[in-house]
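So the chains spell out like this:
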Amino acid sequence: MIRFAEMTAPAGVMVPEQRSDMFWEGMWRASATTSWLTVPSIRKAVSAGALRMPADMTPSNERPLRNAGSAQRRCALLAAARMWGSLTLEQASTITGWPVSTLTRDAKCLLRAGLIDVGAPEVTSVRGWSWKPTTLVTAGRESDVREHVADLTWPMRLAVTADRPWEKASASARHNALTTELCLRAATWLEVPFVAGEMLSGADDLFGTGVGETAVAWTKCADATIMRADGVRIAVETTASAGPSLDRKASGWAQLLASRPTAGVIVLFLVAQPVDASTTGLIRKVRRAVSEAVRTHPGPISAPVANRMTVANWTDWFPQRCTLSRDILALRAMRWSYGAQRWTPVDLMTMQCRGGCTSAIEASGLLAGVPWWLRRDWLDPMAPLMRSYGASLEHAETRFGTSDYPELLRTAASAFASRRLSRSEQRAAHH
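Residues numbered from 1 in each chain as written. Predicted model: local features only at pLDDT ≥ 70, side-chain atom pairs only at ≥ 80, totals over all residues. Heavy atoms only, no water.

1. Here we look at helix H5 (residues 142-149)
Then comes step 1: Of all the residues in H5, the buried ones are Asp-144, Val-145, His-148 and Val-149. Taken around the axis of H5, the buried residues stretch over an arc of 120 degrees, which confines them to a single face.
Then comes step 2: Buried residues belonging to H5 abut helix H1 (39-47), helix H4 (100-113) and helix H6 (154-161). (Buried < 20%, exposed > 50% of the residue type's maximum accessible area, 1.4 Å probe, protein only. Helix = DSSP H or I, 4+ residues; strand = E, 2+ residues; numbered from the N terminus. Arc of directions from axis to C-beta. Contact = heavy atoms within 4.5 Å.)

Shown next as C-alpha cells:
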C-alpha cells in the first residue's frame, strides 16, 4: 500500500490527502441520506414566517453573476456543480483553483440568489447548520437559474453549461462525491489529459455526435469519463447497491458497445458499498449482471464486448483511509474471459482498444467544470459569433502592448491562467 502523501502531484493542485477521505471516514452510512437546504423550501418557510435564516443565507433578489470582479469565480463554482452533479466545497476548490474560504462566501451568495442548493453528508438542520469544507453544493433548478444565466456573456455561459440544457443531478450526493473524488485522484496521479462528470458523459457524447458519429438515441449517462492519452474513454458507473436498474444499465452499455465496436470506449462498473453495509455480496451481483449482459450482447469477434466491460472494487484501489494500492495506478479491473470462463485482471490504462478520440481535449479550456490544470486553451469561444461579421478577435501585438479579450470574454482556461495563483493563494487553496 502507498500513502497518499507519498504520491506526486502537479504544482499548485490541492492533493487528495488535503481533502476528506469520504469513503473511509464514513461520511455516509448505509441508511443515511444527505441533508439538503433547497432554495424553494427555504423561500417558502421564510415567506411564511416559519423560519429565520442567517443574513448571509437569507433569500434575496441579487444578481451575483453581474459583478465583473467575481462573476468568473462564481461561474466556476456553478460550473463545477453542473458538471459533477454535486460535490464538496473542497472538491470544487480543487477543480476551480480558488480557496475554499472564498468559494464558501460565493456559495452563500449563490444560495441566496437560488442558483445552488447546499447539503451536508451528516444529519443536520437549519439551526444546527455550519459551513465546512465538506459542505455539498448542487446546481439549482432551471426555473431559478434561467434569468441569471441570461446575464452572462457567451464564453462564460459556455463555460458553465457547455451549451447543454440545464438539468438537476440524477444520482445521490454520495454517488456524485465519490465519482468526483475518483476523477480528481486520476487527474492528479495518472497524467490523464481529460476528465468530465455526468454532464459530458452521455451515450451520445461517448458513441455519437460527441465523437463525430451519428447521434445515439439512448439518453443514459455514465457518472463520469476518464480519458487516456490515446483518446480511449473510460465510462465510469459508480455502483453502491444492486437495485433493479443494475441489470438494465449493464445490458444497455453492452448493447451500445456491441453496436459500435470501434467507438474507443471502455465501461467500468466501480463498486463502492457503504462501509457499514449489512451485506458483502455486491461485487458478485455486479459481476453477475455484467457477465449476463456480455453473453446477451457479445459483439463482433474482432471486438468482443466482454473485453470492454469491466468491474472494480473501491476497496481494492483504496484499501484504507488515505492509502492506495498499485492497482489504481493502472486502473486495474476485472473482465470476463470466455476462454478461461472466469474473471481475469486487466489494466485499463494500457489495455488495447481502438477508436480513441481526443477532440474533447481541445475544448477543455472552454469548460470551467474541468479541473483547472487539465484545461487547454486551444479554441476561441467567440469565433462562431465573430465569423458572421468577417472578423476575429485574437491576441495581437500593437505599439500600445498586447491586445486581448476582456476578462468576461475569455475562456475558462485563459481567464484562470491570467490570474496566476500567488504562492499564498495556492497555500490557502489547500485548506
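2. Side note on the nonpolar core
Then comes step 1: If you look at the biggest cluster of nonpolar residues, it comprises 104 residues, and the most contacted ones within it are Val-137, Leu-182, Ile-226, Trp-317, Phe-318 and Leu-348.
Then comes step 2: Among the elements that take part in this core, helix H2 (residues 71-84) stands out by supplying 10 residues, more than any other.
Then comes step 3: By size, the runner-up hydrophobic cluster in this structure holds 30 residues, among which are Ala-235, Val-265, Val-271 and Ala-306. (Core = buried A, V, L, I, M, F, W, Y, C linked by side-chain atoms within 4.5 Å.)

3. Comments concerning the pattern of salt bridges
Then comes step 1: All chains considered together, the criterion is met by 21 salt bridges.
Then comes step 2: In this structure, the salt-bridge partner of Glu-142 is Arg-146, at a minimum N-O distance of 2.8 Å. Within this pair, Glu-142 and its partner Arg-146 are both found in helix H5, separated by 4 residues, close to a single helical turn.
Then comes step 3: Residue Arg-146 is classed as partly exposed on the basis of its relative accessible area of 49%.
Then comes step 4: Connected through shared salt-bridge partners, Arg-19, Asp-21, Glu-181 and Arg-185 make up one network. (Salt bridge = Lys/Arg side-chain N within 4 Å of Asp/Glu carboxyl O.)

4. Some thoughts on the sheet that holds strand S2 (residues 35-37)
Then comes step 1: Sheet architecture is open: 4 strands sit in the order S2-S4-S5-S3, paired in antiparallel fashion. The open sheet has two edge strands with one neighbour each: S2 and strand S3 (86-88). Direction aside, the axes of adjacent strands within the sheet are offset by 30 degrees on average.
Then comes step 2: Sheet analysis places S3 next to strand S5 (residues 136-139), joined by 3 bridges and oriented antiparallel. (Pairing = 2+ DSSP bridges. Axes fitted to C-alpha atoms, helices over the stretch in contact; angles between N-to-C directions.)

5. Let's talk about helix H9 (residues 245-259)
Residues spaced three or four apart along an α-helix face the same direction, because each turn holds 3.6 residues.
Then comes step 1: Taking 1.5 Å per residue as the helical rise, H9 with its 15 residues ought to reach 21 Å, and the 21 Å between its terminal C-alpha atoms agrees with that figure.
Then comes step 2: By the burial criterion, the buried members of H9 are Leu-246, Lys-249, Ala-250, Gly-252, Trp-253, Ala-254, Leu-256 and Leu-257.
Then comes step 3: In this structure, the buried residues of H9 make contact with helix H8 (203-207), strand S8 (233-239), strand S9 (265-271), helix H10 (282-296) and strand S10 (309-313). (Expected span 1.5 Å × (residues − 1).)

6. Observations concerning the environment of Asn-176
Then comes step 1: Within the secondary structure, Asn-176 is located in helix H7 (residues 173-189).
Then comes step 2: Distance in space between the C-alpha atoms of Asn-176 and Ala-9 is 23 Å, their sequence separation being 167 residues.

7. A word on the sheet that holds S8
Then comes step 1: One open sheet accounts for 7 strands, arranged S6-S7-S8-S9-S10-S12-S13; its pairing is mixed. In this open sheet, the two edge strands, each paired with only one partner strand, are strand S6 (194-197) and strand S13 (342-347). Going from strand to strand, the sheet's axes swing by 30 degrees on average, the running direction of each strand aside.
Then comes step 2: As judged from the 5 bridges shared by S9 and S10, these two strands associate in the parallel manner. By the bridge assignment, Leu-270 is partnered in S10 with Ala-312.
Then comes step 3: With respect to the sheet, H7 is in contact with S6, strand S7 (224-227), S8 and S9, its orientation differing from that of S7 by roughly 10 degrees.
Then comes step 4: Lying over the sheet, H10 contacts S8, S9, S10, strand S12 (332-337) and S13, oriented at roughly 175 degrees with respect to S10.

8. A word on the packing of H2 against helix H3 (residues 89-96)
Then comes step 1: Contact pair H2 / H3: the axes reach a minimum separation of 10 Å and the direction vectors enclose 110 degrees. Of the possible angle classes, the one that applies to H2 and H3 is roughly perpendicular. On H3, the residues touching Ala-76, Leu-77, Ala-80 and Trp-84 of H2 are Leu-89, Ala-92, Ile-95 and Thr-96.
Then comes step 2: Its residues assigned to classes, the contact of H2 with H3 shows 7 nonpolar, 1 polar and no charged. (Parallel < 35°, antiparallel > 145°, perpendicular 65-115°, else oblique. Nonpolar A, V, L, I, M, F, W, Y, C, P; charged D, E, K, R; others polar.)

9. Remarks on the pairing of S13
Then comes step 1: Here S12 pairs with S13 via 6 bridges, running antiparallel. Its bridge partner lying in S13, Arg-335 is registered against Thr-344.
Then comes step 2: Counted along the chain from S12 to the antiparallel partner S13, the turn is 4 residues long, and its residue Gln-341 has a positive phi close to 55 degrees.

As far as function goes, none of this settles anything; it's purely spatial.
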